[in-house]
Amino acid sequence: MRNAEIADAFTELADRLAIIDPKPYRWMAYRKAADTFRDLGDSVAVLSDEGRLGEVEGVGPAIEEKVRDLLASGTFKALERAREDVPDTLLALTRLPGVGPATAKKVHAALDGESFASLTARAAAGTLEVGDGITRKIIDALAAAHAASAANDGDGGGAASASGIPLDDAGAPIRGPWFRRDQVLSIAGMLEELLPTTVRAPRPSGAYVRGAELVRELCVLAEADDPVAAADEVRECLAARGWEHADDGAPLERLAGLAAEQAATLQLVSPAGIPVELVIADDASVELVEHRFAGPAAWAAREPKPPARGRRIPFELRERVLAGELDPKDVPKDLVTAAHMRGELHAHSDWSDGRAPIIDMARAARARGDEFFAVCDHSAPYAMVNGLDPARLQAQADEIASANEQLQREHEEAGEPLLRVLRGTELEILADGSLGLPDSALEQLDWVVASIHVQQRQSAAAIIERMRRVMENPLVDAIGHPTSRRMLVRDRTALDVEQLIAMAVEHAVILEVNANPDRLDLDSDQARMALAAGVRLTINTDAHRPSTLALRDHGVAVARRAGARVGDVVNCLPAEELLAGRRRNR
DNA sequence: GCCGTTTTCGGCCCGACTGTTTTCAGTCG
């Protein structure tokens, strides 16, 4: 069993217990253990077998035993009990905005076993009455959940919001189910482990490699000497691991005309229910298959064979070319790539709500090839995440200085590449547009990214006024996750992005493409508008732990879809140049 | 539940807004 699956079991346990357990520290311990498992470099299953799981931070005898049971039987008693005590309907109710455990329990108690799907359907149809703890606000939230889930999966129990779901020409959400990029990528990793050795080099394809922010299925391309025989082998070994195959080799539209000997197609469903299209190509056909499989279907029709290398349109720009928004001869030659990125300009440490010390984050960034790393912990007065006030920010400077000394030693003595840790902040933008730190504190910093976390439901006028005040301060370098959307979870603020872009031009403020697949904010359309207006971008992971530094690729994909060149992205500058070019130095 | 230790139990995660069971519990970030 993979670490992620074990982590999911403890997250589920914590989520359910959080609703009924008056003692928060127990389920908080489960949640902490889940996070630790998800991020652990070693296999939880192996550590458990070796009896060494107790050595892991946050794992004591009780959790160790639960993991043992989980590995042996696929579940454990506490989880089963939580599933009985907290039914799915109750759990779903608490995920409505504005509804917490207390309200959910009151509503659920009056329900008489009605499912969440039925409840949301009645709310949407207008046949749900106020009463029995059900307020007008709850009915509205249920109706919104119904609309979101209709867009996302149609089964009535899905996403809390349609945030991020693409719209059709008529402006209606395109029917899902939709999945985040990290969700499908983890499936790709799982698949890679399961495939027989005759199947080589599995890699994502389809909408994922076109930089789509949400996808409806995972496309995986792999290679084998004999695709037909390999497909049979795959079918057999995946069936044994709980994967279903929906269809045998039904040809995909964009692969029409290819012989089965060239490309065998398997339509699979992962154990978590995510559809996977696996195409296995032989050596002679793989280039052609990759060209067509990346899609969309209209591209394969327009260009059935891959052109010479120098004339290829990057996958991420195909849809814009098809839409007539981009002339093939105007496709930039210097589109940004992950390899161009020199550093991270928005990530956290354990000084605020991050999980790792500064030195660990810095080493992880260095291992990924970065030259600089800006520690941007939350600022005051964001208390829940332990935001730093000027005094703590000053104290953090000492730790950053010693981290830099340590990294310098590792460079000189162990031949490690040199990485420079920069002093930064994720500065809190307050409700009236004032800032969480005084200028005297900001003046000492190398990098200031300002973000909105509180009062997200303000009117468009209030939000833009807030942004205007922030941007007028020359000590602010960039705006982080400008619209504050959470993919499939929470709608964006009422921010007028066009107006924001105009102000960014006026004040030379950099806008972030937050690379976390939970955000992807700005999105590719907004980033494209920003670039067209002459705004520079910064692509950042917003990592709270070492492993999430890997999320950068999602942000790079979105920026490429927006047509960002190397020169448009400030993370591609050497640190000295980046710092010398800040607004405050102009 | 875990941790650290004062080895046996107390600390761990806070402040502000919301809305109506109208004065604070519930919810959020």
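Since this is a predicted model, take the numbers as computed values, not measurements.

*Asks:* Please give an account of the packing of aromatic side chains that cites residues and values.
*Replies:* One pass over the full model with this rule turns up three aromatic pairs. Clustering of aromatic rings is evident, with ring pairs tying together Phe 10, Tyr 30, Phe 37 and Phe 76.

*Asks:* An account of the sheet that holds strand β10 (residues 420–428) is needed here, citing residue identities and associated values.
*Replies:* In space, the seven strands of this open sheet follow the order β8-β9-β10-β11-β12-β13-β14, with parallel pairing throughout. Whereas interior strands pair on both sides, the edge strands pair on one side only; in this sheet they are β8 (343–347) and β14 (537–540). Sheet topology note: the β10/strand β11 (residues 447–451) ladder contains five bridges and is parallel. Residue pairing for β11: Glu 428 is matched across the bridge by Ser 451.

*Asks:* Hey, could you go over unusual backbone geometry for me, with residue numbers and the actual values?
*Replies:* Following Gly 295, the chain continues to Pro 296 via a peptide bond in cis, the omega torsion being -5°. The residue Pro 296 is located in the loop between α12 (286–293) and α13 (297–302) in this model. With an omega dihedral of 5°, the bond running from Asp 521 to Leu 522 counts as a cis peptide bond. Phi is positive for Gln 455, close to 55°, though the residue is something other than glycine. Examined against the element boundaries, Gln 455 turns out to sit in the loop between β11 and α18 (460–471). You can call Gln 455 partly exposed: its relative accessible area is 48%.

*Asks:* Before we move on, can you summarise the protein's contact with DNA strand B with the specific residues and values?
*Replies:* Taken together, 30 residues lie around DNA strand B, and Met 28, Tyr 30, Gly 98, Thr 103 and Lys 106 are the ones closest in. Counting only the atoms of DNA strand B that lie within 4 Å of the protein, the sugar and phosphate share comes to 61%. Within the backbone of Ala 102, a nitrogen or oxygen atom sits 3.1 Å from a phosphate oxygen of DNA strand B. Contacts to DNA strand B include Tyr 382, whose side-chain N or O atom sits 3.2 Å from a sugar or linking oxygen. Broken down by secondary-structure element, the contributors of at least two residues to the surface near DNA strand B are α2 (24–39), α4 (61–73) and α7 (101–109). For the surface near DNA strand B, the leading source of residues is α2, giving five residues. When grouped by side-chain class, the residues that make up the surface near DNA strand B number 17 nonpolar, eight polar and five charged.

Each value, and the rule that gives it
- Residues numbered from 1 in each chain as written.
- Chains lettered and ligands numbered in written order.
- Predicted model: local features only at pLDDT ≥ 70, side-chain atom pairs only at ≥ 80, totals over all residues.
- Heavy atoms only, no water.
- Phe/Tyr/Trp six-rings, centres within 6.5 Å; stacked < 30°, edge-to-face > 60°.
- Pairing = 2+ DSSP bridges.
- Helix = DSSP H or I, 4+ residues; strand = E, 2+ residues; numbered from the N terminus.
- Buried < 20%, exposed > 50% of the residue type's maximum accessible area, 1.4 Å probe, protein only.
- Near = heavy atom within 4 Å.
- Polar contact = N/O pair within 3.5 Å; in protein donor to acceptor, adjacent residues only side chain to side chain.
- Nonpolar A, V, L, I, M, F, W, Y, C, P; charged D, E, K, R; others polar.

Functional significance is not addressed by these values, which are geometric in nature.
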